[in-house]
There are 2 protein chains.
Amino acid sequence: MTLFNQAPTIGEIRAALAAGDATPAQYVSDAYEAARHSQATLHAFCYLPDTPPDTFVDATAPLAGVPVAVKDVIDTADMPTEFNSAAYKGRRPERDAWVVARLRAAGATVIGKTVTTEFAWRHPGPTVNPWNGAFTPGGSSSGSAAAVAAGIVPLALGTQTQGSVIRPAAYCGIVGFKPTYGTIARTGVLPLAWSLDHVGLFARRVADVAYVLKLVAGVDVADPHASHVAAVAHSAGKRRIGVLSKQAGGAIEPAQQAALDVLAAQLARDGAEIVAVDLPEEVFATPAYALQLMAVEAAITHGELVERTPELVSPAMRGLVDEGRKLPATTYARIKAAQMPMAQRFHAWLTQTMTLDALLVAPATGEPPRGLDYTGDASFCAPWTFLGVPAVTVPMRFGPSGLPLGAQLVGAAQNGAGLLALAEWVEARTGWEDAVTQRRA
Amino acid sequence: MTLFNQAPTIGEIRAALAAGDATPAQYVSDAYEAARHSQATLHAFCYLPDTPPDTFVDATAPLAGVPVAVKDVIDTADMPTEFNSAAYKGRRPERDAWVVARLRAAGATVIGKTVTTEFAWRHPGPTVNPWNGAFTPGGSSSGSAAAVAAGIVPLALGTQTQGSVIRPAAYCGIVGFKPTYGTIARTGVLPLAWSLDHVGLFARRVADVAYVLKLVAGVDVADPHASHVAAVAHSAGKRRIGVLSKQAGGAIEPAQQAALDVLAAQLARDGAEIVAVDLPEEVFATPAYALQLMAVEAAITHGELVERTPELVSPAMRGLVDEGRKLPATTYARIKAAQMPMAQRFHAWLTQTMTLDALLVAPATGEPPRGLDYTGDASFCAPWTFLGVPAVTVPMRFGPSGLPLGAQLVGAAQNGAGLLALAEWVEARTGWEDAVTQRRA
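Presented here is a report on the structure given in the accompanying data block. Fair warning: this is a prediction, and the values are worked out from it, not measured in the lab. (Residues numbered from 1 in each chain as written. Chains lettered and ligands numbered in written order. Predicted model: local features only at pLDDT ≥ 70, side-chain atom pairs only at ≥ 80, totals over all residues. Heavy atoms only, no water.)

### Structural notes on the relation of the copies chain A and chain B
Inclusion rule: Least squares is the method used to superpose the copies, on C-alpha atoms of residues holding a pLDDT of at least 70 in both.
Screw-axis analysis of chain A against chain B gives a translation of 0.0 Å along the axis, an RMSD of 0.0 Å, and a rotation angle of 180 degrees. Taken together, the rotation and translation relating the two chain copies correspond to the operation of a two-fold axis. Measuring from the rotation axis to each C-alpha of chain A, the shortest distance belongs to A329 of chain A, at 1.7 Å.

As structure tokens, this is what we get:
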């Protein structure tokens, strides 16, 4: 099994439409057919309509002709949204989530809903890794990452509460982006943990993500969460990038480390200033903090369901709710109160003490785990989720098992656009496109 | 026992200094002497220096000649700050609290530290009510309220986590003001519960509070808490005031109700639009929520001390910490997550649904309780603390026991100045000054 299709990027679609070489409906219909065709092996979609969805016809709309796949924790008024939960079979939201409405208003067409792990926590869905069906695509945004990696759609929506965008993007060899906390309103998105939940984007190219971010960034009164860092006191530009002596999530595989080293060396040759840094000690505590916050908040969101119909909930989810219920208030309150000051200290450390434009870190331990049961370790993403700073995965190369290895770039709060500009520069230096061409040959 | 002194208001001090009729040092020295003299009976101060403090000499500074009393949970670099706790005897902060520094920078002179209940919770200090020594002055800002009411100082600093400014102001017959949550930075102020703590002001006249608020309002990076309501979509002006069929805190004494009714009738005669309103049902739940948030956060702030040296902590405080430790995280997280949306709904209800400039509500059940053990019920203030909206006490008249009855005006978030403008108009119509003159005669 391998890639099925090679959907054009958003940039390519826009160029073709501007030149009059294509119609929006054609792209949507191609993507829909590719999605249907992929289902027998990839299982990226949990819902596809029976016929291709109607397409917005104004070819000058910003996302005209752009087919989008939407993670099934994000509400769509015209398609079911079931959270990969037995308890929500047949659930049909009354309205689009805020971010879906924004995409549609910009001319995009939702072609289907993608597989999520149950409630965006651990219990996996049927999606496989597009590069090798014996491996996980990662989670929880499994189907969205796989659908973009398989070339079915140029754009997909995901969510990240620990590492659910950055990690599957790395495992699938695509670009995944999680903006600053609060940047994309979450109205109509199933909460897992409101202190940590982010809406994220998947695409094959960084430029596509940057383009879409401008269209969907925005706050909604119904989702009043704003960033932990109010002040923007940072401008990127000189490409000063920190590399870590010790990853926030723990030990990584030699191939992951080697790939990061090779990339850093290349960036240095091309003019970036590469600086070895030690993360502030307290950052190493954040993965545990993020898990505790999440357990408590998930226990509130899903506790009643677990109580009422435990047989409809996976052991993984039941375990999370149990854990959250056991925690004392003081533990939660301490972490919750520490979150904002830690984000502010990290901001000061990154932008003032170290004057870095970004950190170049591992998005995961390395290649995806074999099998579908375990979607991988989120500890390499959780710190940046907890601190609410923007992060982006850029694919680098194939590892020893022939599965992708990604790089994660982490930037300053409120500067997602600056981080993406840097990521686009990095992307041009990874050799990933060549590796893909070679792999296909 | 009765009032000792009659310190000029800030407005009077400024007028006299402008006319060259007095010197700043004179006012400070008078206040200091009055404070010393009052100690034998009033016990408002827990610390007074041996000699009058040096006075800032620029008579044109905004608070030149203004002697200030500071609640002993607020740090002062030149005086001890002991929280009325046996565990902190002799504690001497290294620097002034942010708000103290602001006052000093404006030319004010701190003449001493005032009695607080232990850690600003319930265990009372020795301060008595200036109108009758057999009654409580209220708490936790007992000494600050008493010092202003006794005419020792024209201005005092307090804090409010439940009802610690509004209630003692009512019991002592003075103006007490709690601004919008986050308006006055709390750096250097002992936390009781960071989700609820406010710095507040005491004065004899509303105009003095409004004047000082402009000088001390401000955020500090070290205290990043901002209001729960981001948008300011409200302008006062037409004096549309809501009165309640049912107080948020429960039943009140007939004399308190009668005083509110008489005031409302007077305001209506003078052109205010008085509207009977029912509070949104969820507001009645806020006093219980505020207590639970406080218990958990107090357990974090003071838990270690209670564990280490329980014999140095009052049973009241030990009980609070115990209660906070017993609460599950889900209870706290649920309340904490509800706080901001509730504040936003209250804002919409007040300003859009009811189009009110303020609510006129009871600040307490009525006159202060007899004795010093119990500082009174904070449930009539806790809703506005929990919702983070500005509130001000205006004294009305003496009750059946000859103790003051106050009115509480509650306004829209971020519009403390507007609320104070309305309160100044109300203040001129209470008949309080006449009642005081009569009482003295």
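### Notes on the nonpolar core
Quick reminder of the rule: Throughout this description, the term nonpolar core refers to a set of buried Ala, Val, Leu, Ile, Met, Phe, Trp, Tyr and Cys residues connected via side-chain atoms within 4.5 Å. Burial classes: relative accessible area under 20% of the type maximum marks a residue as buried, over 50% as exposed, and values in between as partly exposed (1.4 Å probe, protein chains only). The criterion used for residue contact is that any of the two residues' heavy atoms lie within 4.5 Å.
Of all hydrophobic cores here, the largest spans 234 residues; its most connected members are L359 and W384 of chain A together with L359 and W384 of chain B. With sequence-adjacent residues up to four places away left out, L359 of chain B is seen in contact with I241, G242, L244, V277, L279, F346, W349, L350, W384, Q408, L409 and V410 of chain B.

### Examining unusual backbone geometry
For residues that are not glycine, phi is negative in most cases, and the peptide bond is trans in most cases. Note the following rule: Secondary structure is summarised from DSSP: a helix means a run of H or I of at least four residues, a strand means a run of E of at least two, and numbering begins at the N terminus for each.
Of note, the bond from G139 of chain A into S140 of chain A is cis; its omega dihedral lies within 30 degrees of zero at 5 degrees. Examined against the element boundaries, S140 of chain A turns out to sit in the loop between β3 (109–114) and α4 (142–149). Positive phi, close to 55 degrees, is recorded for H43 of chain B, a residue that is not glycine. Among the secondary structure elements, H43 of chain B is positioned in the loop between α2 (24–38) and β1 (45–47). Located in the positive-phi region is Q414 of chain B, a residue other than glycine, with phi close to 70 degrees. Note that Q414 of chain B resides in the loop between β11 (404–410) and α12 (416–427).

### A short note on the interface of chain A and chain B
To keep things clear, this is the line we draw: Accessible area, probed at 1.4 Å, shrinks when two parts are joined; the buried area is that loss added up over both. Criterion for a salt bridge: a side-chain nitrogen of Lys or Arg within 4 Å of a carboxyl oxygen of Asp or Glu. A 3.5 Å cut-off defines polar contacts: any pair of N or O atoms within that distance qualifies, except that in protein one atom must be a possible hydrogen donor and the other a possible acceptor, and neighbouring residues in sequence count only when both atoms are side-chain atoms.
Taken together, the contacts link 18 residues of chain A with 18 residues of chain B. Overall, the association of chain A and chain B removes approximately 1500 Å² of surface from exposure, summing both partners, and the carbon and sulfur fraction of that is 77%. Here chain A is connected to chain B by zero salt bridges. For the pair chain A and chain B, the number of links is two residue pairs in polar contact (both at pLDDT 80 or more). Those elements that place two or more of their residues in the side of chain A that touches chain B are α8 (286–308), α9 (315–326) and α10 (329–353) of chain A.

### Digging into the pairing of strand β7 (residues 240–244) of chain A
Residue and element names in this part refer to chain A. Quick note on the threshold: Looking down the strands as they point away from you, a crossover is right-handed if its path from the first strand over the helix to the second goes clockwise. One bridge is not enough; two strands pair if DSSP finds at least two bridges between them.
Burial runs high along β7: five of the five residues are buried. The parallel pair β7 and strand β8 (residues 273–277) is bridged by helix α7 (residues 254–269), and the resulting crossover is right-handed. Pairing between β7 and strand β9 (residues 358–361): three bridges, direction parallel. By the bridge assignment for β9, G242 is matched with L359.

### Quick look at the sheet that holds β7 of chain A
Whenever strands of a sheet pair, they do so through backbone hydrogen bonds, lying parallel or antiparallel. Residue and element names in this part refer to chain A. To keep it simple, the criterion reads: Axis lines are fitted through C-alpha atoms, for helices just across the contact stretch, and the angle between N-to-C directions can take any value from 0 to 180 degrees.
Spatial strand order, β1-β3-β2-β4-β6-β5-β10-β11-β9-β7-β8: eleven strands in an open sheet with mixed pairing. Every other strand in the sheet has two partners, leaving β1 (45–47) and β8 as the edge strands with one partner each. Neighbour to neighbour, the strand axes of the sheet diverge by 30 degrees on average, direction disregarded. Against the sheet, helix α12 (residues 416–427) contacts β5 (175–178), β7, β9, β10 (391–398) and β11 (404–410), and its axis sits at roughly 10 degrees relative to β10.

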